[in-house]
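# Notes for the structure review
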Amino acid sequence: MHTLASPARFVRLSGKVMPWLLALTVILLTFGVVEALFISPPDYQQGDTVRIMYVHVPSAWMSMMIYTVIAAASASFLIWKHPLADIAARESAPLGAAFTFVTLVTGSLWGKPMWGAWWVWDARLTSVLILSFLYIGYIALSDAYATQERGKKICAILALVGFVNIPVIRFSVEWWNTLHQPASLIRAGGIAIDNAMLIPLFAMGLAFTCFYLLLLTVRIKTALLEQRIRRLQFSGQ
């Protein structure tokens, strides 16, 4: 972890990794979209409406995964003072907020034909909405304290406190009686999705993950470059 925390080493490594992430994103996204739209069968109850799942579910995965990354990076920053930990957390937040927004929008589009309403105060939906507020709050706070050590610590603490919402999202359909369907992948009875739908779903999930890693790498490199420019400007004054 200390080796990867070196900004100079990260820049060198990212130059080698980014082309592979770009290639994987394009390949997996192309495969996933073709499978989702043209090859996977319609659901026997939902019909072609189920195809929203191939964007909605991976986006939901990403929204929770990215917040977990932010919380882990925040803990690393507070405990070990890793130079890149705070940057990784701050640069991940807008990406996580975007995926959460896509989750809410696609969930609303999916909920209208299934439930007859664009929005219900379901436990799963409400906890994801809270997640979006946590992202917005983190972004606003990090912008307010862009260069202050105290602000960085406050953002890290907020991220760790907000992480309690992640297991609430994950287990909400099991803890409460909700309209949202229960888990179909990680469940006691095994996977409840046919391979014809499972394969494109995982392909889209991997594509979104590679896309996030690609954008995060670009954003971290940009942030490091901006830091270097500010230091040069400060030293030249």
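This is a predicted model, so every value here is computed, not measured.

The rules behind the values
Residues numbered from 1 in each chain as written. Predicted model: local features only at pLDDT ≥ 70, side-chain atom pairs only at ≥ 80, totals over all residues. Heavy atoms only, no water. Helix = DSSP H or I, 4+ residues; strand = E, 2+ residues; numbered from the N terminus. Polar contact = N/O pair within 3.5 Å; in protein donor to acceptor, adjacent residues only side chain to side chain. Contact = heavy atoms within 4.5 Å. Core = buried A, V, L, I, M, F, W, Y, C linked by side-chain atoms within 4.5 Å. Buried < 20%, exposed > 50% of the residue type's maximum accessible area, 1.4 Å probe, protein only. Axes fitted to C-alpha atoms, helices over the stretch in contact; angles between N-to-C directions. Parallel < 35°, antiparallel > 145°, perpendicular 65-115°, else oblique. Left-handed = near helix turned anticlockwise from the far one by under 90°. Nonpolar A, V, L, I, M, F, W, Y, C, P; charged D, E, K, R; others polar. Patch = residues over 30% accessible without salt bridge, like charges linked within 9 Å, V, L, I, M, F, W, Y side chains within 5 Å. Areas by Shrake-Rupley, 256 points an atom, 1.4 Å probe, with all protein chains shown as cover. Salt bridge = Lys/Arg side-chain N within 4 Å of Asp/Glu carboxyl O. Expected span 1.5 Å × (residues − 1). Arc of directions from axis to C-beta.

### Here we look at the side chain of T25
- Its place among the elements puts T25 in helix α1 (residues 7-39).
- Of note is the side chain of T25, whose polar atom sits 3.4 Å from the backbone nitrogen of F211.
- Setting aside anything within four residues of it in sequence, one finds T25 in contact with A207, C210 and F211.

### A few points about the nonpolar core
- The biggest cluster of nonpolar side chains holds 43 residues, and the ones touching the most others in it are M53, I66, I70 and I220.
- Looking at this core, the elements with two or more residues in it are α1, α2 (53-80), α3 (85-115), α4 (123-144), α5 (149-162), α6 (165-175) and α7 (195-236).
- Sort the elements by how many residues they give to this core and α7 lands first, with 10 residues.
- Excluding residues within four positions of it along the chain, M53 makes contact with P58, W110, M197 and L201.

### As for the packing of α4 against α5
- Axis separation between α4 and α5 bottoms out at 9 Å; the angle between their running directions is 170°. Compared by their axis directions, α4 and α5 come out roughly antiparallel. Here α4 contributes L134, G137, Y138, L141 and S142 to the contact with α5, which in turn contributes I154, C155, L158, A159 and G162.

### Description of the packing of α2 against α5
- Across the interface, α2 lies against α5 with an axial gap of 8 Å and an inter-helix angle of 135°. Between α2 and α5, the crossing angle belongs to the class labelled oblique. Like other packed secondary-structure pairs, α2 and α5 cross with a definite hand, here left-handed. Every residue of α5 that contacts α2 at Y67, I70, A71, S74, A75, F77 and L78 is listed here: E149, K152, K153, A156, I157, L158, A159, L160 and G162.
- Of the residues in the contact of α2 with α5, the class split is 11 nonpolar, 2 polar and 3 charged.

### Comments concerning a nonpolar patch on the surface
- On the surface, L29, V33, V34, L37, F38 and I39 cluster together to form a nonpolar patch covering roughly 540 Å² of accessible area.
- Inspection of the secondary structure assignment puts F38 in helix α1.

### Digging into α5
- Between its terminal C-alpha atoms α5 stretches 20 Å, which fits the 20 Å expected from 14 residues at 1.5 Å a residue.
- Among all positions of α5, only G151, K152, C155, A156, A159 and G162 are buried. The buried residues of α5 occupy an angular sector of 140° when the element is viewed end-on, so they sit on one face. Of the exposed residues in α5, those oriented more than 90 degrees away from the buried face are R150 and V161.

### As for the pattern of salt bridges
- If you walk through the whole model with that rule in mind, you get 3 salt bridges.
- Residue R90 is joined to D86 by a salt bridge in which the shortest nitrogen-to-oxygen separation is 2.7 Å. Of this pair, R90 and D86 both sit in helix α3, separated by 4 residues, roughly a single helical turn. Summarising the burial analysis for this pair, R90 and D86 share the class buried.

The values are spatial; any link to function lies outside them.
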